[in-house]
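Each chain is listed here by its residues.
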Amino acid sequence: MKIVFLGVGCGMPSIRRALPAVAICLKREILLFDAGEGVQLQLQHAHLSLQRITEIYISHLHGDHCLGLPGLISTMSLLHRTKPLSIIGPQGIKSFITNTLEMTHVEPKFSLKVKEGGKAKLPEQSQYSVETLPAHHGVPALSFVLRMAEVQGQFNPEKAIHIGVPRGPLWKKLQQGRSIRLAGTRIIHPSEVLGPSRKGASIAYSGDTKFNPELAAAARGVSLLIHEATYTNELKEKASENLHSTAAQAAEIAVLAKARQLALIHISPRYENNLQHEQEARGIFQQSVVPNDLDVIEISHPVSKED
Ligand SMILES: [Zn+2]
Ligand SMILES: [Zn+2]
């Protein structure tokens, strides 16, 4: 599973860092988290088709996180998209989309579903679920936790042969999780030839928030925590006034959550490079990275044994 950091900056776009947007690339679809201005060009730089995006999660309606959204929908419409698109965001997202599309004369022909998320868990998808929870940022704001479904255990050909199932279509049925009946014998269940099911990958996305232990609880054991770290610790007070986090606070959330890996984004333009963030976070949580625009993190799905 590939995570592409399209933009890791905040506030205003700069040559160094684009505005927040993270693409989570699944087998056939892309889930987009935040859509800062310039997201379309960043998708092109990353060679990701915007038509593969099926769901967009907007953390809150500060301009740096959502002003790329109307342009994105407008281009999808220009390209005669037919695939439905779901957008999940905080209170106000519906009127933001309705008004900007109306004022810019965009009339999408595809189905556009917009959901204003509260604390509710979204209906279980077949492949994954996404939990939304409130972030602490002074305006309605959300954090998200994506969990991929468990993956069926590995097929054991030796066991199948030992039980007497001939190689061929019956193997396929068992691999698909269906029971079979061998001529003149008993029913054979998939559990007899499949290993234990494997845990799916999981990703938490903080959006903009001050230190929030509730996020750590919701994100327990995630493969990757993507957390905002607008500042480093010498600006701790400023972070708390502006309802943002420091690199150290993000790392503390990763420790509390027992996350496998931490990626810091939403870096203030005042920082010329990522060194300070990296050092500060790694002092608390070793598995911390501070990606640049267009960097990619691959995580294993299902989660590998070493994880
Ligand atoms: Zn922001
Ligand atoms: Zn914000």
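Keep in mind that what you see is a predicted model, and the values were worked out from it rather than measured. (Residues numbered from 1 in each chain as written. Chains lettered and ligands numbered in written order. Predicted model: local features only at pLDDT ≥ 70, side-chain atom pairs only at ≥ 80, totals over all residues.)

A word on the overall build of the chain
Right, on to step 1. In terms of regular secondary structure, the chain is built from 10 helices and 15 strands.
Right, on to step 2. The principal-axis extent of the C-alpha atoms belonging to the chain is close to 75 × 50 × 35 Å.
Right, on to step 3. Taking all 307 residues of the chain together, the buried fraction comes to 40%.
Right, on to step 4. Partitioning the intrachain contacts of the chain with sequence separation of at least 6 by distance along the chain shows that 65% fall at a separation of at least 24. (Helix = DSSP H or I, 4+ residues; strand = E, 2+ residues; numbered from the N terminus. Buried ≥ 20, exposed ≤ 12 C-beta atoms within 10 Å, placed from the backbone. Contact = placed C-beta atoms within 7 Å.)

Notes on the sheet that holds strand 3 (residues 30-33)
Right, on to step 1. Spatially, the 7 strands line up as an open sheet ordered 6-5-4-3-2-1-15, and their pairing is mixed. Pairing within the sheet leaves two strands with one partner each, and these edge strands are strand 6 (112-116) and strand 15 (296-298). Strand-to-strand twist in this sheet, taken as the mean axis angle between neighbours without regard to direction, amounts to 15 degrees.
Right, on to step 2. Sheet topology places strand 1 (residues 2-7) next to strand 15; 3 bridges connect them, and they run antiparallel. Across the sheet, residue lysine 2 finds its bridge partner in strand 15, namely glutamate 298.
Right, on to step 3. In the packing of helix 4 (residues 93-103) onto the sheet, contacts are made with strand 5 (85-89) and strand 6, and the angle to strand 6 comes to roughly 145 degrees. (Pairing = 2+ DSSP bridges. Axes fitted to C-alpha atoms, helices over the stretch in contact; angles between N-to-C directions.)

With respect to the pairing of strand 8 (residues 142-148)
Right, on to step 1. By the criterion of burial, strand 8 is predominantly enclosed, with 7 of the 7 residues buried.
Right, on to step 2. Burial of strand 8 is two-sided: the residues Leu142, Phe144, Leu146 and Met148 facing one way and the residues Ser143, Val145 and Arg147 facing the other way are all buried.
Right, on to step 3. Pairing between strand 7 (residues 128-134) and strand 8: 7 bridges, direction antiparallel. Counterpart to valine 130 in the pairing with strand 8 is leucine 146.
Right, on to step 4. Sheet topology note: the strand 8/strand 11 (residues 202-205) ladder contains 4 bridges and is antiparallel. Note on strand 11: the bridge partner recorded for valine 145 is alanine 204.

Considering the nonpolar core
Right, on to step 1. Core analysis: the biggest nonpolar cluster contains 72 residues, and Val22, Ile203, Leu225 and Leu262 have the highest contact counts within it.
Right, on to step 2. The biggest single contributor to this core is helix 9 (residues 247-257), with 7 residues. (Core = buried A, V, L, I, M, F, W, Y, C linked by C-beta atoms within 7 Å.)

Describing the sheet that holds strand 11
Right, on to step 1. Here 6 strands make up an open sheet; going across it, the order is 7-8-11-12-13-14 and the pairing mixed. Every interior strand has two partners, whereas the edge strands, strand 7 and strand 14 (288-289), have only one.

Considering helix 10 (residues 275-282)
Note on helix geometry: an α-helix contains 3.6 residues per turn, so any two residues three or four positions apart are oriented the same way.
Right, on to step 1. Within the sequence span of helix 10, burial applies to His277, Glu280 and Ala281. In a view along the axis of helix 10, the buried residues occupy a sector of 95 degrees, so they form one face of it.
Right, on to step 2. Looking at the buried residues of helix 10, the elements they touch are helix 9, strand 13 (262-265) and strand 14. (Arc of directions from axis to C-beta.)

Section: helix 9
Right, on to step 1. Of all the 11 residues making up helix 9, 8 are buried; the element is thus mostly covered by neighbouring parts of the structure.
Right, on to step 2. Inspection of helix 9 places Ala247, Ala248, Gln249, Ala250, Ala251, Ile253, Ala254 and Ala257 among the buried residues, and these make up the whole buried set.
Right, on to step 3. Buried residues along helix 9 sit in contact with helix 7 (213-218), strand 12 (224-228), strand 13, helix 10 and strand 14.
Right, on to step 4. In the segment just after helix 9, lysine 258 is the residue with positive phi, at about 55 degrees.

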